[in-house]
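# Survey of secondary and tertiary structure
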Amino acid sequence: MNNYKNKEIIAGPWVGEFGWELFAWQGYLRAIKEKYNTRMVIICSEKSKLLYEDFADEFVYFEPPDTGQSDSFYMQGYHFSKENLFKILGHRDSNFSWLPPRRIGYPPATSWNEEVSIGPFTVKPKYIMFANQGYQCKYDIVIHARNRKLRSNDNWSLENWSSLLGLLTQKYKVACIGTKEQSLHVNDTVDYRGCDLSKTVDIIKSSRLVLGPSSGPMHLASLCGTPHLVWGSREMSKTRYEDTWNPLGTKAQFLEEYGWHPPPEFIYKKVLENVI
């Protein structure tokens, strides 16, 4: 092993999808910090600080320009160059190595317990369960009503959500999460879209079930230890949610029977059968 003790590693910025940031980036940085005892500087959005604050030595906040949709580990139409790096870092007294985001292994097939190489480093990713952040909230069910422009055919319709919530809210207290730009608020739910990540974590952890089509917030439920019921039809999605991207063994069920557009009555039945 080369001696990287106290060597400054500048990692980021992550500009891809949130679910990929959770399972194809932050866990690897945590493992590098622990195994090689580096000084870890994280370039990230301030909204993502919670993912790194247990191991980061320093943060440099950066918001990428809106050039297109985030997709896996990149953003459409955007490239973060070395010139961008030096511009946001300014002058630094110490020598450092830059670790930009890239495809690590073969996600989502690469499992949470596989060792992979990232530049000069070889590690297994290390994940933590995100802890309560101190907000007082309690919900039976949390939903993420995906409403993205990227693969918009994967969005479940507002009509379907309204039909499902008409059944759920007769018995259960329901909240919705996500960004206001990429998720819907459904009537008769408490709207937490747009709140910071620490509060989103507490809302998820307070609930008995997180529910929705495949998305970043559904992956976050895995690292909150909260059972989640997910649907969709992309390749390897069932394996990803139930195994390769489930390092804590959180209870998860991926529904493939109807792809991205299951009937609301089917989802309601699954909620009653499996979790509540």
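The structure we're discussing is the one just above.
What counts as what
- As a convention, each chain's residues are numbered from 1 in the sequence order in which they are written.
- Local features are withheld for residues below a pLDDT of 70 in this predicted model, meaning they are given only at 70 or higher, and side-chain atom pairs are given and counted only at 80 or more; totals for whole chains, interfaces and linings count all residues.
- Here the side-chain values reflect all heavy atoms present in the structure, with hydrogen atoms and water set aside.
- Only runs of H or I of at least four residues qualify as helices and only runs of E of at least two qualify as strands under DSSP, and these elements are numbered from the N terminus.
- Two things to know: the radius of gyration comes from C-alpha atoms, and the globule rule equals 2.2 Å times the number of residues to the power 0.38.
- We call two residues in contact whenever any of their non-hydrogen atoms come within 4.5 Å of each other.
- Here the term buried applies to any residue with accessible area under 20% of the maximum for its type, exposed to any over 50%, and partly exposed to those in between, with areas from a 1.4 Å probe on protein chains only.
- Any two strands are treated as partners once DSSP identifies two or more bridges connecting them.
- Crossovers are described as right-handed under a simple rule: with the strands pointing away from the observer, the path leading from the first strand over the helix to the second runs clockwise.
- Axis geometry follows a simple rule: fit a line to the C-alpha atoms, using only the stretch in contact for helices, then measure angles between N-to-C directions, giving values from 0 to 180 degrees.
- Orientation is classified from the angle alone, with under 35 degrees giving roughly parallel, over 145 giving roughly antiparallel, 65 to 115 giving roughly perpendicular, and any other angle giving oblique.
- In this scheme the crossing of two helices becomes right-handed for a clockwise turn of the near helix relative to the far one and left-handed for an anticlockwise turn of less than a right angle.
- Any pair of Phe, Tyr and Trp rings, taking the six-membered ring for Trp, is counted once the centres come within 6.5 Å. Such a pair is stacked with planes under 30 degrees apart, edge-to-face with planes over 60 apart, and tilted for the rest.

## Brief notes about the overall build of the chain
Helices and strands together make up the secondary structure of the chain, namely eight helices and 14 strands. Relative to the globule expectation of 19 Å for 276 residues, the C-alpha radius of gyration of the chain, 19 Å, shows essentially globular dimensions. Expressed as lengths along the three principal axes of its C-alpha atoms, the size of the chain is roughly 60 × 35 × 35 Å. Within the chain, residue pairs in contact and separated by at least 24 positions form 64% of the contacts whose partners lie at least 6 positions apart.

## Here we look at the pairing of strand β13 (residues 228–231)
Residues H228 and V230 point to one face of β13 and L229 and W231 to the other, with burial holding for every one of them. In the sheet, strand β12 (residues 209–213) pairs with β13 via four bridges, with the strands oriented parallel. The residue of β13 that forms the bridge with L211 is L229. One crossover worth recording links β12 to the parallel β13 by way of helix α6 (residues 216–224), and it is right-handed. Note that β13 and strand β14 (residues 252–255) share four bridges and pair parallel.

## Remarks on the packing of helix α4 (residues 158–168) against helix α8 (residues 264–274)
Here α4 crosses α8 at 40°, and the two axes come no closer than 9 Å. Put simply, α4 runs oblique to α8. Here α4 runs over α8; the crossing is right-handed. Note on element contacts: α8 touches α4 through P264, I267, Y268 and V271, opposite N160, S163, L164, L167 and L168.

## Remarks on the packing of aromatic side chains
All told, the structure shown has 19 aromatic pairs when counted by the stated rule. On the numbers, 4.9 Å between centres and 65° between planes, the contact of Y36 with F121 is edge-to-face. Of this pair, Y36 sits in helix α2 (residues 26–36) while F121 is found in strand β8 (residues 121–123), placing the two residues 85 residues apart along the sequence. F121 sits in the buried class, given a relative accessible area of 2%.

## Focus on the packing of helix α5 (residues 197–206) against α6
Contact geometry for α5 and α6: axes closest at 10 Å, N-to-C directions at 70°. On the basis of their axis angle, the class for α5 and α6 is roughly perpendicular. Seen from above, α5 lies across α6 with right-handed handedness. Residue-level contacts link L197, T200, V201, I204 and K205 of α5 to P217, L220, A221 and C224 of α6.

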